[in-house]
Amino acid sequence: MLLPYFQKEYIEAGCDEAGRGCLAGPVFAAAVILPENFSHPLLNDSKKINEKDRFQLRDMVEREALAFAVASVDHEEIDKINILNASIKAMHLALGQLSVRPGFIIIDGNRFKPYGNLTHQCIIKGDSKYYSIAAASILAKTYRDEYMLNLAAEYPQYDWKSNKGYPTIKHRNAVIAHGLTPFHRKTFRISDPQLTLALFSEQN
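Presented here is a report on the structure given in the accompanying data block. (Residues numbered from 1 in each chain as written. Predicted model: local features only at pLDDT ≥ 70, side-chain atom pairs only at ≥ 80, totals over all residues. Heavy atoms only, no water.)

### Description of the overall build of the protein
Here's step 1: A count of helices and strands for the protein gives seven helices and five strands.
Here's step 2: When the elements of the protein are put in sequence order from the N terminus, they spell out β-β-α-β-α-α-β-β-α-α-α-α.
Here's step 3: On C-alpha atoms alone, the protein measures out to a radius of gyration of 18 Å, which is about the 17 Å that the 2.2 N^0.38 rule sets for 204 residues.
Here's step 4: For the C-alpha atoms alone, the extent of the protein along its principal axes is close to 60 × 35 × 30 Å.
Here's step 5: Put simply, the protein has 204 residues, and 49% of those count as buried.
Here's step 6: In the protein, 66% of the contacts between residues at least 6 apart in sequence involve partners at least 24 apart.
Here's step 7: Accessible area for the protein stands at about 10,300 Å²; split by element, carbon and sulfur atoms hold 51% of it.
Here's step 8: Computed over 24 positive and 23 negative side-chain charges, the separation of the two mean positions in the protein equals 3 Å. (Helix = DSSP H or I, 4+ residues; strand = E, 2+ residues; numbered from the N terminus. Rg over C-alpha atoms; globule rule 2.2 N^0.38 Å. Buried < 20%, exposed > 50% of the residue type's maximum accessible area, 1.4 Å probe, protein only. Contact = heavy atoms within 4.5 Å. Areas by Shrake-Rupley, 256 points an atom, 1.4 Å probe, with all protein chains shown as cover. Lys, Arg positive; Asp, Glu negative; His and termini not counted. Charge placed at Lys NZ, Arg CZ, Asp CG, Glu CD.)

### Thoughts on the sheet that holds strand β1 (residues 12-18)
Here's step 1: In spatial order, the strands read β3-β2-β1-β4-β5; together these five strands make up an open sheet with mixed pairing. Since the sheet does not close on itself, it has two edges, and those belong to β3 (67-73) and β5 (119-123), each with one partner. Put simply, the sheet's adjacent strands are angled 20° from each other on average, direction ignored.
Here's step 2: Note: β1 against strand β4 (residues 104-108), four bridges, orientation parallel. Note that in β4 the partner of Glu12 across the bridge is Phe104. (Pairing = 2+ DSSP bridges. Axes fitted to C-alpha atoms, helices over the stretch in contact; angles between N-to-C directions.)

### Observations regarding the packing of aromatic side chains
Here's step 1: Per the stated rule, a full pass over the model turns up eight aromatic pairs.
Here's step 2: Seen in terms of ring centroids, Tyr155 and Tyr158 are 6.4 Å apart; in terms of plane orientation they differ by 70°. Their pairing is edge-to-face. Taken individually, Tyr155 and Tyr158 each receive the classification buried, so the pair is uniform in this respect.
Here's step 3: Here Tyr155 and Trp160 contribute two aromatic rings whose centre-to-centre distance is 5.6 Å and whose plane-to-plane angle is 55°, an arrangement assigned as tilted.
Here's step 4: Within the aromatic cluster, the residues linked to one another by ring pairs are Tyr155, Tyr158, Trp160 and Phe183.
Here's step 5: Across from the ring centre of Tyr143, 4.1 Å away, lies the NZ or CZ of Arg58, which sits over that ring. (Phe/Tyr/Trp six-rings, centres within 6.5 Å; stacked < 30°, edge-to-face > 60°. Lys NZ or Arg CZ within 6 Å of the ring centre and 35° of its normal.)

### A short note on the pairing of strand β2 (residues 27-33)
Here's step 1: Burial within β2 is extensive, with seven of its seven residues counted as buried.
Here's step 2: Neither face of β2 is exposed, since Val27, Ala29, Ala31 and Ile33 on one face and Phe28, Ala30 and Val32 on the opposite face are all buried.
Here's step 3: Relative to β2, β1 is paired through five bridges, and the arrangement is antiparallel. The residue of β2 that forms the bridge with Asp16 is Ala30.
Here's step 4: One ladder, built from seven bridges, connects β2 with β3; its direction is antiparallel.

### A closer look at the nonpolar core
Here's step 1: Core analysis: the largest hydrophobic core is formed by 25 residues, its most contacted members being Cys15, Met91, Leu95, Leu98, Ile105 and Phe112.
Here's step 2: Going through the elements one at a time, β1, β2, β3, α3 (83-96) and β4 are the ones with two or more residues in this core.
Here's step 3: Looking at this core, the element that brings in the most residues is α3, giving eight residues.
Here's step 4: Sequence-distant contacts of Leu98, that is, excluding residues within four places in its chain, are made with Ala13, Ala31, Ile33, Ala67, Phe68 and Ala69.
Here's step 5: Within the second largest apolar cluster, 19 residues are counted, among which are Leu43, Ile49, Ala134 and Ala136. (Core = buried A, V, L, I, M, F, W, Y, C linked by side-chain atoms within 4.5 Å.)

### Brief notes about helix α4 (residues 131-152)
Here's step 1: Given a rise of 1.5 Å per residue, 22 residues ought to cover 32 Å, and the 31 Å separating the end C-alpha atoms of α4 matches this to within 8%.
Here's step 2: Counting buried residues along α4, 17 of its 22 residues qualify, which places the element largely inside the surrounding structure. (Expected span 1.5 Å × (residues − 1).)

### Concerning the side chain of Ser87
Here's step 1: Examined against the element boundaries, Ser87 turns out to sit in helix α3.
Here's step 2: Judged by its relative accessible area of 2%, Ser87 falls in the buried class.
Here's step 3: In this structure the side chain of Ser87 is engaged in a polar contact, spanning 2.8 Å, whose partner is the backbone oxygen of Ile83.
Here's step 4: Beyond its immediate chain neighbours, meaning those up to four positions away, Ser87 contacts Glu17, Arg20, Val27 and Ala29. (Polar contact = N/O pair within 3.5 Å; in protein donor to acceptor, adjacent residues only side chain to side chain.)

### Quick notes on the pattern of salt bridges
Here's step 1: All told, the structure shown has nine salt bridges when counted by the stated rule.
Here's step 2: Here Lys8 ties to Glu36 by a salt bridge, and the two come within 3.7 Å at their closest N and O atoms. Taken together, the residues Lys8 in the segment before β1 and Glu36 in the loop between β2 and α1 (51-64) connect sequence positions 28 residues apart.
Here's step 3: Overall, the relative accessible area of 53% leaves Lys8 in the exposed class.
Here's step 4: A single salt-bridge network, built from bridges that share partners, covers Asp45, Lys47 and Asp127. (Salt bridge = Lys/Arg side-chain N within 4 Å of Asp/Glu carboxyl O.)

See below:
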């Protein structure tokens, strides 16, 4: 069972991102403020939940939240400012879109930059500890997956329908065979020299 809040003195928003480790597409982030006594038996880290349940949980979060927002930073800006800064920027953008202003922020992971004058707390594996961070992880993941599924129809050879832009062998192999799309992050190590050896081992 996840915890409803980190502290009770201030309105608390949970933040998380999706897509940091991808080779293509934006990084998405979400910020969620839940009712103080919120609980749900299935809500958890989005990586622990299957795709169908994630989208059902998204509907629930958007219905039950006091406020929520989703934002993204595209691949071009990721290449300019690096993925960590882009992830934090996306979280800041989401926080700025909340219809209710929080007084305290909890963030999944161990890296963040202050947002205005608000106090924050980074929490490693926070998406499996606190409801608001888990809710943010669900929103960020489902909105990013939808984005990549729309792109997948235009670039079917990269198998984004299945990998959502993550560095699977099939995705990397497609990059070697077909080159980069306009949506790939050019500063990422997309075609690793070891890939050819790995593919050869798998095929033999």
